[in-house]
Amino acid sequence: MNTLFTQGPLIGPRLLLVVLLSGVLVGADLYLPYGDRVRSWLMTGLTPVYWLGHAPDRFLEWMGDLTSSRSDLLQENEALASRLLVLERRAQRYTALAAENARLRELLNASEQLDDRVLVADVVGVTPDPLTHEIILNKGESDGLSKGQAVLDAHGLMGQIVHTSAHASRAILISDNSHAVPVEINRNGLRAIMFGTGEHDRMELAHVPDTADVEVGDLLVSSGLGGRFPQGYPVARINSIKHDPGEPFARVEARPMARLNSSSQVLVVFSGGSVSGGDTPSPATGEED
């Protein structure tokens, strides 16, 4: 082909020859049964060419993934961990709302209970007093926190904030012997008051009638009475019921759902309020709609 179009007196006949040859090939491809087979052979033969053509892009993509900085990976991991904590908190609420729907409560009211906003905070310390159960968080008034807000971990209610400063706050745990939480049995809506005992793994229900419909394994959720804790968050699970002859009340003990002495990240709830810093969750704040 290098000499087919060489300048000379025969360029006209040569061009005509090429045109005729092209027409013959087009006709053969349309009307002969071997066209598809030849095309398949050509595509098979050109496969390495296609692969080599995409090789530079694939190599650059592989090098980009290989050279990702450690800080980028840590930041992505922190963002995913915060998002997981928020999603686990919402799953807790769905359990309580399903029980409410089973008791024919209004769906509108149930959906409004999911509008709480939260802020992710780190547990940076515990109070040195052995007679109190309190934790110190790395978020404070500059982040919108205030006294009385509920604190949760990925498993259940932990306590409430009792003191705030500009950049830190202190929260009392539900296990403190001076703390009480209004609760209800998720199975039947029976209300009670749960007190801390000074032990991280044991709570007590006060004044439960001996004939009350209470069973081992019942889930206790916050009832929302008193307006201190939002309604529907898991608090504890009943693990012991004792009936003393002649006593009007049963002795009911429960185990907290939250990991009171081991959780390193918590959620601070803004019921019906707002969190400074926008609506989008971030690794630093973990805010959520």
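This one's a predicted model, so the numbers in the text were calculated from it and none came from an experiment.

## Things to note about the confidence of the model for the protein chain
(1) Moving on: Mean pLDDT over the protein chain: 79, with 76% of residues reaching 70 or higher.
(2) Moving on: Confidence over residues 104-114 falls short of pLDDT 50; this stretch has 15 contacts with residues more than four positions distant or in other chains.
(3) Moving on: For the stretch residues 273-289, pLDDT sits under 50, and the model shows 48 contacts to residues farther than four places along the chain or on other chains.

## Brief notes about the environment of Gly148
(1) Moving on: Here Gly148 shows up in the loop between β2 (134-137) and β3 (150-152).
(2) Moving on: Separated by 121 residues in sequence, Gly148 and Val269 have C-alpha atoms that sit 9.9 Å apart.
(3) Moving on: With near-sequence residues (within four places) excluded, Gly148 lies in contact with Gln160, Ile161 and Arg228.

## Section: the sheet that holds strand β11 (residues 249-256)
(1) Moving on: An order of β6-β7-β8-β11-β10-β9 is seen for the six strands of this closed barrel, with the pairing classed as antiparallel. This sheet shows a mean twist of 40° between the axes of neighbouring strands, independent of strand direction.
(2) Moving on: Judged from the five bridges that link them, strand β7 (residues 191-199) and strand β8 (residues 202-209) form a sheet pairing that is antiparallel. The partner of Met194 across the bridge, within β8, is Leu205.

## Here's the deal with the sheet that holds strand β5 (residues 169-173)
(1) Moving on: Spatially, the six strands close up into a barrel ordered β1-β2-β5-β4-β3-β12, and their pairing is antiparallel. Pairs of neighbouring strands in the sheet enclose a mean axial angle of 45°, with direction left out of account.
(2) Moving on: Two elements, strand β4 (residues 157-164) and β5, share five bridges in a ladder whose sense is antiparallel. Residue pairing for β5: Gln160 is matched across the bridge by Ile172.

Conventions adopted
Residues numbered from 1 in each chain as written. Predicted model: local features only at pLDDT ≥ 70, side-chain atom pairs only at ≥ 80, totals over all residues. Heavy atoms only, no water. pLDDT = per-residue confidence, 0-100. Contact = heavy atoms within 4.5 Å. Helix = DSSP H or I, 4+ residues; strand = E, 2+ residues; numbered from the N terminus. Pairing = 2+ DSSP bridges. Axes fitted to C-alpha atoms, helices over the stretch in contact; angles between N-to-C directions.

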